[in-house]
Amino acid sequence: MQADEPHPEVQSVLEMVEEADVLPLHQYGPEGAREVTRQMRPDVDGPEVGGVIDRTIPGPEGGAEVPVRVYRPEGDGPFPTVVFYHGGGYVIGDLDSHGVPCRHLVRESGCGVVSVDYRLAPEHPFPAAVEDAYAALEWVAANPDEVDGDGRLAVMGDSAGGNLAAVVSLMARDRDGPEIDRQVLVYPAVSPREDWPSRENNTEGYYLEGSDVEWFGDCYYGSDVHEANPYAFPLVACLHADLPPATVLTAGFDPLRDEGAAYVEALREADVPVEHRNYGGMIHGFFTMLAGPVELDRAHEAVADVASDLRATFGA
């Protein structure tokens, strides 16, 4: 699952990160880490799509409204809709951090995308992000006309967002909630365990630092008491049957690689159809490296792979 060494394009990215000397992120605290990562983003919008609208939608019962960004394909709708949850360890990331991959996904899949700006930790610890994520899914399912949707749904996220996509899939099953046609989990965080070989072997020098993984978890979960909660860590669920078909992406030099692969096996053992796409020479975060000085060919290939699975799911 891991190449002999990172892909040459990835090695160039790692050299740039080392020269910038900005890691680990936890040294800055939550607000500082958000500002550092904002400064690292490429100043590009991404490809043109049919339309983009920022709005708010009702949050969880009794809570504040949730900001979302609605991306619409070119052409005449309605379209299948992907509810998208950004990564960032539940601490960093926002609608802008994942605007470029959302635009590429719209262009290549022909789906609309609703990107969810869920509340961040440590200001809003678990289960705030889960509550916002599920509220957004329910709203999109109940209001397809508001997003030019045709009622068909997928959920998707990367890293922490991959966790949220897996979690809302479990919740929708458990609560007889919205019907989800596919879950797309991009290097998802799904396990409380820290003894995975990929954690031990890729803890330093591969973009996602092990000390930041620990810090993100401390900010979001706050206590080990949540380790048995499947809505915190989907891999610990007692039952993985009757979940939506899945696409799971893993990266060879990612600390989260092995838990993502373990989730693939858990789904397969429960007879859930799974496409596991492993990119042996890649690092955590590669999926969003689609523009600017850190543009990777394999990132574009990964977006195309996900889009292909979505098109097959929706019969496009």
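For the structure itself, look to the data block above.
A quick note: this is a predicted structure, and the numbers were derived from the prediction, not measured.

Scanning the chain from N- to C-terminus turns up 9 helices and 8 strands. With the C-alpha coordinates of the chain rotated into their principal frame, the extents come out at 45 × 45 × 35 Å. Across the 316 residues of the chain, 55% fall into the buried class. The contacts of the chain with a sequence gap of at least 6 include a subset with a gap of at least 24, amounting to 77%. For the chain, the separation between the mean place of its 20 positive charges and that of its 57 negative charges on side chains is 5 Å.

Before going further, it helps to examine the state of the cysteines. Enumeration over the complete set of coordinates arrives at 0 disulfides. Of the cysteine sulfurs around Cys111, a residue in no disulfide, the closest is that of Cys102, at 12 Å.

Further remarks concern the nonpolar core. Residues Tyr85, Leu137, Tyr220 and Tyr263 are the most contacted members of the largest nonpolar core, which totals 69 residues. With 9 residues, the top contributor of residues to this core is helix H5 (residues 160-174). Every residue in contact with Tyr263, bar those within four places of it in the chain, is listed here: Ala166, Leu170, Leu185, Val190, Pro234, Leu235, His240 and Leu243.

In this section: the sheet that holds strand E7 (residues 246-251). Ordered in space as E1-E2-E4-E3-E5-E6-E7-E8, the 8 strands form an open sheet in which the pairing is mixed. A single partner strand is all that each edge strand has here, and the edge strands are strand E1 (51-57) and strand E8 (274-279). Between one strand axis and the next, the sheet turns by 20° as a mean value, whatever way the strands run. Here 4 bridges tie strand E2 (residues 66-72) to strand E4 (residues 112-116), and the two strands are oriented antiparallel to one another. Its bridge partner being in E4, Arg69 is matched across the sheet by Ser115. Sheet strands touched by helix H3 (residues 99-109): E1, E2, strand E3 (79-85), E4 and strand E5 (149-158). Its angle to E2, the strand with the most contacts, is close to 40°. In this fold helix H9 (residues 297-314) packs onto E3, E5, strand E6 (182-186), E7 and E8, with an angle of close to 175° to the strand it touches most, E8.

This paragraph deals with the packing of H3 against H9. Relative to each other, H3 and H9 sit at 50°, their axes nearing to 9 Å. By the angle class used here, H3 and H9 are oblique. In the crossing of H3 with H9, the sense of the turn from one axis to the other is right-handed. Contact with H3, carried on its side by His104, Leu105, Glu108 and Ser109, involves His300, Val303, Ala304, Val306, Ala307, Leu310 and Arg311 of H9 and no other residues of that element. Each residue belonging to the contact of H3 with H9 can be placed in one class, and the counts come to 6 nonpolar, 3 polar and 2 charged.

Time to look at unusual backbone geometry. Residue Pro24 is bonded to the preceding Leu23 through a cis peptide linkage, with omega at 5°. In this chain, Ala121 is followed by Pro122 through a cis amide linkage whose omega measures 5°. Tracing the sequence through the fold places Pro122 in the loop between E4 and helix H4 (128-142). Here Asp176, not a glycine, exhibits a phi torsion of approximately 55°, which is positive. Since its relative accessible area comes to 73%, Asp176 is described here as exposed. Of note, the phi angle at Tyr187 is positive, near 30°, even though the residue is not glycine.

Criteria and thresholds
Residues numbered from 1 in each chain as written. Predicted model: local features only at pLDDT ≥ 70, side-chain atom pairs only at ≥ 80, totals over all residues. Heavy atoms only, no water. Helix = DSSP H or I, 4+ residues; strand = E, 2+ residues; numbered from the N terminus. Buried < 20%, exposed > 50% of the residue type's maximum accessible area, 1.4 Å probe, protein only. Contact = heavy atoms within 4.5 Å. Lys, Arg positive; Asp, Glu negative; His and termini not counted. Charge placed at Lys NZ, Arg CZ, Asp CG, Glu CD. Disulfide = S-S within 2.5 Å. Core = buried A, V, L, I, M, F, W, Y, C linked by side-chain atoms within 4.5 Å. Pairing = 2+ DSSP bridges. Axes fitted to C-alpha atoms, helices over the stretch in contact; angles between N-to-C directions. Parallel < 35°, antiparallel > 145°, perpendicular 65-115°, else oblique. Left-handed = near helix turned anticlockwise from the far one by under 90°. Nonpolar A, V, L, I, M, F, W, Y, C, P; charged D, E, K, R; others polar.

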